[in-house]
Every structure is written in C-alpha cells, then in structure tokens.
Amino acid sequence: TNAKVAVTFDLLDLGVVRISPGLGADLFKVQARVTEISTGTFEDVDELLPVPMLFLQSEGRFGPLSAELDLGYLDVDLGDTGGTYFDLEALVAYDLTAQIELNAGYRYISMDANGKSDGQDLTADLTLQGWFIGGGIRF
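Residues numbered from 1 in each chain as written. Predicted model: local features only at pLDDT ≥ 70, side-chain atom pairs only at ≥ 80, totals over all residues. Heavy atoms only, no water.

Enquirer: Run through the pattern of salt bridges, naming residues and quoting values.
Expert: Inspection of the entire model under this criterion finds 12 salt bridges. Taking the shortest distance from any N to any O, the salt bridge between Glu-59 and Arg-18 comes out at 3.0 Å. With Glu-59 in strand E4 (residues 42-62) and Arg-18 in strand E3 (residues 17-35), the pair connects residues that are 41 residues apart, well separated along the chain. Arg-18 sits in the buried class, given a relative accessible area of 13%. For Asp-26, the salt bridge is made with Arg-107, and the minimal N-O distance between the two is 3.7 Å. Separated by 81 residues along the polypeptide, Asp-26 in strand E3 and Arg-107 in strand E7 (residues 100-117) bring together distant segments of the chain. Connected via shared salt-bridge partners are Asp-10, Arg-18, Glu-59, Arg-61, Asp-95, Glu-101 and Arg-138. (Salt bridge = Lys/Arg side-chain N within 4 Å of Asp/Glu carboxyl O. Helix = DSSP H or I, 4+ residues; strand = E, 2+ residues; numbered from the N terminus. Buried < 20%, exposed > 50% of the residue type's maximum accessible area, 1.4 Å probe, protein only.)

This is the structure we're talking about:
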C-alpha cells in the first residue's frame, strides 16, 4: 500500500506550463510473508515506512485538460538503514469543475532498501508499476 504527498512551489508558471520543485513523501505499508520451501521456516514483515524525498512536478494545461509528470527521488545511507527510492507518475486529467477532476495515468515506484524489522535484517528490492484511473478534489 502506498500514499504520496508533496509540497511544491512554482519555480516557473507560464499559465500553460508549470514547473514546481519541492519536498514529498511516500508512505509504504509493507506486509509480506517469506517462506523457505524445504524447511517451512517463515518470516513475517509488517512495516510502515515513511520515505521523504526530493520532488519535481511539471504540468501542461490546455483549458480543462492537463498533463502532469511527478518525480520523487531519494538515495540515502544512514548506517544500518538506507536505500534508493524512485517514484514516477504521469497522468492526464480533465476538470469537471474548479474543484473536481478525473484522471488516468501510469505509476512506477522502485524501492531498493535495507534496514531492520523487529530486530531482523531486512532487504527490500521492490518495483510497483501499472496503469490507474481516479479522481481528485482541490481545496
């Protein structure tokens, strides 16, 4: 499970094109059971992983239709914990009203991390990707 938030400022806003860097965070809820086949030994992982990252958002707007590209990245080594995180989202959106939009796009998330979970060493090399449809509310 993943949720993403970002705070950006408009570095360039020409009305039709906008580029906004900032800070973002992905919140990962990782639940997994890994089983060794021959002995049946297993390990459960249930972790909530907040990952702050540098963030860049770009948008092209043409009336009620817009195209967005969001990029998030972090490469960190904190001794016993670290990793490389990459989050890419590309979407097109249509404004139904000034506050409500419909959107569709593609999301690619890559996490190559290591650390500890309940005192055990943990290595995660995950890639999540796929198409989505959704909506948004502005306030």
